[in-house]
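For reference, the chains in residue letters:
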Amino acid sequence: MRFRAKIVDLACLNHFSRIINTIAKLAKTCILRLTVCKLYFILSDKVANGGASMWCELSQGNFFDEFQMEGVAAEHNEIYLEFVPENVWRALKTAQSAKAVKIKLTNKHCPCLRVAVELPSLSSSSRVVTHDIPVGVIPRRMWNDFREPSVPDFDVSIYLPVLKTMKSVVERMKNLSNFIVIEANLSGEMNLKIETDLVSVTTHFKDLGNPLWASEDGCQSSAQGRDLESMAGACIDIKKLQQLLAGQQVNPTKALCNIVHKRIIHFILLHEEVSLQYFIPAIA
């Protein structure tokens, strides 16, 4: 089992660092799945912990100048590692003016991701700062726990408003309640609501638009034939929503939300090279 990669391009390095920072805001620990073409960052929280789950994938070719890996076996050419994203982000933070960053899986005293940052220096010799970040290797028998979650059979799918606007609304509401209701309909309308014994606050968004989903995969059945004005919604933990919005370093090219009434809110954020899915279960 081997993995090594190198980033030379500074723009790619900074973009990769922002992605890790986003993930660090969503997950204290997560799974890194490495394949020949892609990297996946996976969080599948147990329902007891509030059950939020995340699936983020990016093509290695968009970030890395060199990328080599050998999985656990020829027919299972993948590696699954558990790690703390905050630690990787801290290592990458030291690399903002680096000439190159090398990442390698090592196993001296325990499995580690070694992040070697080559910094520019005035003399001919370069300075290299090395960070060894402990990781856990996930055995083959547990890989099925980290498969891509399926898109739920939703009642409403809607494009999100500008995330910065949504973030400032949610931050103000967070001071009033621990829970927020997100509801939307098939006429491009969305409401963010909090209701407590003392206060009831609703922010309305209009003309957001509703994505068209191909019905061949059957994921649209409950949205078909639905009254365009009727709202589907779910009450969720406001902190989890705030974490998602706070972690967005770059405004995605597409951001949408699927709602399974009273069951789950499923966010999909697409950048050119990255897709992030985030599932927040409803609170009864």
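Preceding block: the structure.
The following refers to the structure shown. Small disclaimer: the values here were computed from a predicted structure and weren't measured.

1. Comments concerning the pattern of salt bridges
- A complete count under the given rule lists eight salt bridges for this structure.
- Among the ionic pairs, Arg114 bridges to Asp132, the shortest N-O distance being 2.8 Å. Taken together, the residues span a long stretch of sequence, with Arg114 in strand 8 (residues 111-119) and Asp132 in strand 9 (residues 127-134) at a distance of 18 residues.
- Owing to a relative accessible area of 40%, Asp132 belongs among the partly exposed residues under this scheme.
- Arg226 serves as the salt-bridge partner of Asp155, at 4.0 Å between the closest nitrogen and oxygen. Remark: Arg226 occurs in the loop between strand 14 (200-205) and strand 15 (232-237) and Asp155 occurs in the loop between strand 10 (136-137) and strand 11 (156-159); sequence separation between them is 71 residues.

2. With respect to the pairing of strand 12 (residues 179-184)
- Inspection of the sheet shows strand 12 paired to strand 15 by six bridges, in the antiparallel sense. For Ile180, the partnering residue across the bridge sits in strand 15 and is Ile236.

3. Concerning the sheet that holds strand 5 (residues 66-70)
- With antiparallel pairing, five strands are arranged side by side in an open sheet as 5-1-7-8-9. Across the chains shown, the open sheet's two edge strands, defined by having one partner strand only, are strand 5 and strand 9. Each adjacent strand pair in this sheet contributes to an overall mean axis angle of 15°, direction not counted.
- In terms of strand pairing, strand 1 (residues 2-7) meets strand 5 through five bridges, oriented antiparallel. Along strand 5, the bridge assignment pairs Ala5 with Phe67.
- Across the face of the sheet, helix 2 (residues 85-93) comes into contact with strand 7 (100-107), strand 8 and strand 9 while running at roughly 175° to strand 9.

Definitions and cut-offs
- Residues numbered from 1 in each chain as written.
- Predicted model: local features only at pLDDT ≥ 70, side-chain atom pairs only at ≥ 80, totals over all residues.
- Heavy atoms only, no water.
- Salt bridge = Lys/Arg side-chain N within 4 Å of Asp/Glu carboxyl O.
- Helix = DSSP H or I, 4+ residues; strand = E, 2+ residues; numbered from the N terminus.
- Buried < 20%, exposed > 50% of the residue type's maximum accessible area, 1.4 Å probe, protein only.
- Pairing = 2+ DSSP bridges.
- Axes fitted to C-alpha atoms, helices over the stretch in contact; angles between N-to-C directions.
- Contact = heavy atoms within 4.5 Å.

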